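# Structural overview
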Amino acid sequence: HTTEFSEDALMEEISRRNGEETGCLEKALLWSQLVNKAIREIPKEEMKAFPGVKQAMEAAKEKSRIAIVSSANHQAVWDEWGRNGLLELVDEVMTQERGKKADIIADFISQGFEKEKIIMLGDARGDFEAAQKNGVLFYPIIPKNEADSWKLFLQEAYLKFLEGSYAGEYQEMRMKAFLE
């Protein structure tokens, strides 16, 4: 029922319900708080970007605007991306406090960005669904195969995106690999 997925939105809904049927929401809030705590406790030297991320983003930055659209909280994204020297390559940072991923992409479109000139990179089905809901392209970062995914994006997929040949057969091939 909220416009964003965040701890603040959960707390507001729990408060609004005034103790009635809040058990599931309270569990979700506790889970979110524990995840954020666990992330903060990861030693900084272990929080490294996947190989190839920075090179791919540097190449993309030359011809594209880059926005982070994340379901993580703002501070976690800011810390992790900043520590890895990636924030300087990003034009906008939009996290759970800005709303749902699909709504953020819809907002880009309403600002005049052409759908066929938007490509969302993501590692989860929800990322794909947000892109699909808005009719924009999607490039999967395959879990446990992240380095190869970033390499392929830099060497092949991004070039196809720029030349307008990413949609269709090529994107379907990448999605097949992702879903497998």
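Attention in this report is confined to the structure presented alongside it. Being a predicted model, the structure only gives us computed values, none of them experimental. (Residues numbered from 1 in each chain as written. Predicted model: local features only at pLDDT ≥ 70, side-chain atom pairs only at ≥ 80, totals over all residues. Heavy atoms only, no water.)

The secondary structure content of the chain amounts to eight helices and four strands. The C-alpha radius of gyration of the chain comes to 18 Å, within 12% of the 16 Å expected for a compact globule of 180 residues. Based on the C-alpha atoms only, the size of the chain along its principal axes is roughly 55 × 40 × 35 Å. Each of the 180 residues in the chain was classed as buried or not, and the buried ones make up 38%. Excluding contacts between residues fewer than 6 apart, the proportion of contacts in the chain whose partners are at least 24 apart in sequence is 57%. When the accessible area of the chain is evaluated, it comes to approximately 11300 Å², of which 52% is carbon and sulfur surface. In the chain, 24 positive and 33 negative side-chain charges are present, and the distance between their average locations comes to 2 Å. (Helix = DSSP H or I, 4+ residues; strand = E, 2+ residues; numbered from the N terminus. Rg over C-alpha atoms; globule rule 2.2 N^0.38 Å. Buried < 20%, exposed > 50% of the residue type's maximum accessible area, 1.4 Å probe, protein only. Contact = heavy atoms within 4.5 Å. Areas by Shrake-Rupley, 256 points an atom, 1.4 Å probe, with all protein chains shown as cover. Lys, Arg positive; Asp, Glu negative; His and termini not counted. Charge placed at Lys NZ, Arg CZ, Asp CG, Glu CD.)

Attention shifts here to the packing of aromatic side chains. Under the counting rule described, the total for this entry stands at nine aromatic pairs. Between the aromatic rings of F128 and F138, the centroid separation amounts to 5.6 Å while the plane-to-plane angle is 65°, which identifies the pairing as edge-to-face. With F128 in helix α6 (residues 125-134) and F138 in strand β4 (residues 137-140), this residue pair connects regions lying 10 residues apart in the sequence. As far as the burial class goes, F128 and F138 line up, both buried. Judged by centre distance (6.2 Å) and plane angle (80°), the rings of W150 and F153 are edge-to-face. With W150 and F153 both in helix α7 (residues 146-163) and three residues apart, this pair spans about one turn of that helix. No difference in accessibility class separates W150 from F153, as the two residues are buried. Three or more aromatic residues joined by ring pairs make a cluster, and in this case those are Y139, W150, F153, Y158, F161, Y166 and Y170. (Phe/Tyr/Trp six-rings, centres within 6.5 Å; stacked < 30°, edge-to-face > 60°.)

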